[in-house]
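# Summary of structural features
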Amino acid sequence: LITTEDAEDSRRNFEVKRTKSFSRSLPRPLFSVILMICLSFSLFSTVLLAQESAEDRALQLFEQHKSRIIETKGPILFQRVIVGDLDADGLDDVIIQFGNGPGNVALTTEAALYLDTPDGMKVVGAFSPDYCFSIREIVLGVVTVLKLDSCAAPGPEVLRVDGYRLKKNRLKKIFSSSNGR
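This text gives an overview of the structure that appears in the document.

What counts and what doesn't
- Residues numbered from 1 in each chain as written.
- Predicted model: local features only at pLDDT ≥ 70, side-chain atom pairs only at ≥ 80, totals over all residues.
- Heavy atoms only, no water.
- Helix = DSSP H or I, 4+ residues; strand = E, 2+ residues; numbered from the N terminus.
- Buried < 20%, exposed > 50% of the residue type's maximum accessible area, 1.4 Å probe, protein only.
- Pairing = 2+ DSSP bridges.
- Axes fitted to C-alpha atoms, helices over the stretch in contact; angles between N-to-C directions.

## What to know about unusual backbone geometry
If you check the backbone angles, A88 has positive phi at about 55 degrees while not being a glycine. Relative to the elements of secondary structure, A88 occurs in the loop between β1 (76–84) and β2 (93–100). The class of A88 is exposed, set by a relative accessible area of 70%.

## Focus on the sheet that holds strand β3 (residues 108–117)
The antiparallel open sheet is built from four strands, whose spatial order is β1-β2-β3-β4. One side of each edge strand has no neighbouring strand; the edge strands of this open sheet are β1 and β4 (120–127). Across the sheet, the mean angle from the axis of one strand to that of its neighbour is 20 degrees, orientation sign disregarded. Pairing analysis gives seven bridges linking β2 to β3, with the strands arranged antiparallel. Note that in β3 the partner of F98 across the bridge is E110.

Shown next, in the form of structure tokens:
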């Protein structure tokens, strides 16, 4: 026979078990919330990293090599950044042109070539033709380079316009046009 007291004890035991199982399930939603916050933060930081421009990433690499350039060639008097797609992969690549020389006179100009790859930004080579130059732009994989009459004179005259394309991590000339000469 089940007495009223037994029924009351069974009801209390059921309530205690139900309460215990409910309290055990509380951490699951809390865990889910914490997991969602962590995943959101991870995704957010990945998006922020992806938003860092190709120019910024190339400049960081250039800064790592700057002291070596200064030691071997003298102070860097100017630097310019040119952004465009050198290798037709749809990613922005970067050329950093810079000038060196004694005092405040740039006697030589060079450029460092940076390719953006799925593995990150990489320096792939240098460009230093046997003349003073200024890189105008990168369009459809063609680098437009102005041959200048002087590296040191203010407002140098453009003697020629050359076009280069990246082949085997080097810029190869594909056209040249004189500037009325």
